[in-house]
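# Summary of structural features
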Amino acid sequence: MSKQRAFLKWAGGKYNLIEPITAVLPEGNKLIEPFVGAGSVFLNTNYPSYLLNDVNPDLITLFKTVKRRPMRFIEDARKLFSTANNTPEAYYALRKQFNATTDGYERSLLFLYLNRHGYNGLCRYNLSGQFNVPFGQYLRPYFPRAEIEFFAEKAQRATFTCMSFEKVFRRARKGDVVYCDPPYAPLSLTANFTSYSSGGFSIAHQTELARRAEQTARKRGIPVLISNHDTDFTRLLYKKAQLETLQVSRFISPKGESRGKVAELLALYQYDNRANVVVLNPQLRKRAQ
């Protein structure tokens, strides 16, 4: 199966890591993603059903809209992708319109427009909850019709929710698989956290996620896979998991001017409940030899 791209541009998206992630993900009845982002893992796996969650309500409203009425959405969204709308004046006027409206359908249309016309496809809000990404100055922003159509078709197998990761974990059942792609821990603990949703994701959140992942696997027999930066802190966090290191190319300067290799971890929690022992996934076992 050829790889499928998400219809949104997304910082930290997993399109380039699909192969190592899917090699490690266990089989199951349902894939649960507490931090779905643009949905690259969802789009490139084949579970019978999905529970896809994010704390960003604009993102989840957009996904629900695309699932429910994709053709109308495509028709209306395409109108925003015009030469006249690809100017700073038009962008900031439409951004203002997005921040002013409470209509879910209108926000979904504008969210896609802002994602494709804004700087680097970022999704960022100020402390007042206002979307504040600047104009991206792209020559011809791409309208992702085929990607939206693919997403809409596959979304018929998915349930979308907007809640905390703690609540999502409580919805997991035996036979499910959980994949977590949280806002990444900083490369150093002195670095500032950045987050695409208001409220941020603190060290306490990172610690709680690791604790829940370990307990969910050990006590309930539900495997959990987590992606994160490879640092001393995350290795300590995930010390009870099977770890695999990956080298990933990404922007490493805050201004996005340079690319570099950043080490990432895949941490798999999977237990044999008969003896509460860690089960080394065959793919990981093969790589570890």
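This is a predicted model, so every value here is computed, not measured.

### Considering the overall build of the protein
When helices and strands are counted, the protein shows 11 helices and 9 strands. Counting over 289 residues, the protein shows a buried share of 53%. Counted over contacts in the protein with a minimum sequence separation of 6, partners at least 24 positions apart contribute 68%. In the structure as shown, the protein presents an accessible area of about 14200 Å², 51% of it carried by carbon and sulfur atoms.

### Topic: the packing of aromatic side chains
Throughout the structure, instances matching the rule amount to 19 aromatic pairs. Ring geometry for Phe 42 against Phe 151: centres 5.5 Å apart, planes inclined by 80 degrees, an arrangement best described as edge-to-face. Remark: Phe 151 occurs in helix H7 (residues 145-154) and Phe 42 occurs in helix H2 (residues 40-43); sequence separation between them is 109 residues. Owing to a relative accessible area of 0%, Phe 42 belongs among the buried residues under this scheme. Residue classification places Phe 151 among the buried positions, given a relative accessible area of 0%. With a centroid separation of 6.0 Å and an interplanar angle of 80 degrees, the aromatic rings of Tyr 47 and Tyr 50 are classed as edge-to-face. Look at Tyr 47 and you get buried, because its relative accessible area is 7%.

### As for the UniProt feature "binding site: S-adenosyl-L-methionine" (unreviewed entry) in the protein
Per the UniProt entry, the sites bearing "binding site: S-adenosyl-L-methionine" (unreviewed entry) are Trp 10, Lys 14, Asp 54 and Asp 181 in this numbering. The residues touching Lys 14, leaving out its near neighbours within four places in the chain, are Ile 21, Ser 40, Val 41, Tyr 179, Asp 181, Tyr 184, Ser 227 and Glu 264. Among the polar contacts made by the side chain of Lys 14, one reaches the main-chain carbonyl oxygen of Gly 12 at a distance of 2.8 Å. You can see Asp 54 is positioned in the loop between strand E2 (49-53) and helix H3 (57-68). Within the structure, the side chain of Asp 54 is placed 3.2 Å from the backbone nitrogen of Gly 37, a separation counted as a polar contact.

### Some words on the packing of H3 against helix H6 (residues 104-117)
Two elements in contact, H3 and H6, have axes whose closest approach is 9 Å; the angle formed by their N-to-C orientations is 100 degrees. Taken together, the axis directions place H3 and H6 in an arrangement best described as roughly perpendicular. Where H3 approaches H6, its residues Asp 58, Leu 59, Thr 61, Leu 62 and Thr 65 are matched on the opposing element by Gly 104, Tyr 105, Arg 107, Ser 108 and Phe 111. Here the contact of H3 with H6 is built from residues that sort into 4 nonpolar, 4 polar and 2 charged.

### Focus: the pattern of salt bridges
Going through the model one piece at a time under the given rule, you end up with 10 salt bridges. For Glu 19, the salt bridge identified is with Lys 3, shortest N-O distance 3.6 Å. Taken together, the positions of Glu 19 in helix H1 (residues 18-24) and Lys 3 in the segment before H1 put the pair 16 residues apart, joining distant regions of the chain. In this structure Glu 19 comes out as partly exposed when scored by relative accessible area, which is 42%. One salt bridge connects Lys 14 with Asp 181, and the closest N-O pair in it is separated by 3.1 Å. Of the two residues, Lys 14 sits in the segment before H1 while Asp 181 sits in the loop between strand E4 (176-180) and helix H9 (203-220), which places them 167 residues apart along the sequence. Each of the two residues, Lys 14 as well as Asp 181, counts as buried. In the salt-bridge network here, residues are joined through shared partners; they are Arg 72, Asp 76 and Lys 79.

### Description of the side chain of Gln 206
Inspection of the secondary structure assignment puts Gln 206 in helix H9. Here the side chain of Gln 206 touches Pro 183 through a polar contact of 2.8 Å, landing on its backbone oxygen.

### A closer look at the nonpolar core
Leu 8 and Phe 63 are the most contacted members of the largest nonpolar core, which totals 57 residues. Per element, the largest residue contribution to this core is 7 residues, and it comes from H6. Three or more residues apiece are contributed to this core by two domains, here domain 1 (17-55 + 163-269) and domain 2 (66-145). Among all residues touching Leu 8, those that are not within four sequence positions of it are Ala 38, Leu 59, Leu 62, Phe 63, Phe 111, Leu 112, Asn 115 and Arg 116. With 26 residues, the next largest nonpolar core counts Phe 201, Ala 213, Phe 233 and Leu 237 among its residues.

### Description of the pairing of strand E5 (residues 224-229)
When you tally the buried positions in E5, you get 6 out of 6 residues, the bulk of the element. Pairing of E4 with E5 involves 3 bridges; the strand directions are parallel. If you follow Val 178 over to E5, its bridge partner there is Val 224.

Rules behind the numbers
- Residues numbered from 1 in each chain as written.
- Predicted model: local features only at pLDDT ≥ 70, side-chain atom pairs only at ≥ 80, totals over all residues.
- Heavy atoms only, no water.
- Helix = DSSP H or I, 4+ residues; strand = E, 2+ residues; numbered from the N terminus.
- Buried < 20%, exposed > 50% of the residue type's maximum accessible area, 1.4 Å probe, protein only.
- Contact = heavy atoms within 4.5 Å.
- Areas by Shrake-Rupley, 256 points an atom, 1.4 Å probe, with all protein chains shown as cover.
- Phe/Tyr/Trp six-rings, centres within 6.5 Å; stacked < 30°, edge-to-face > 60°.
- UniProt positions renumbered as here; feature names shortened; annotations may be inferred.
- Polar contact = N/O pair within 3.5 Å; in protein donor to acceptor, adjacent residues only side chain to side chain.
- Axes fitted to C-alpha atoms, helices over the stretch in contact; angles between N-to-C directions.
- Parallel < 35°, antiparallel > 145°, perpendicular 65-115°, else oblique.
- Nonpolar A, V, L, I, M, F, W, Y, C, P; charged D, E, K, R; others polar.
- Salt bridge = Lys/Arg side-chain N within 4 Å of Asp/Glu carboxyl O.
- Core = buried A, V, L, I, M, F, W, Y, C linked by side-chain atoms within 4.5 Å.
- Domains from an automatic or database assignment.
- Pairing = 2+ DSSP bridges.

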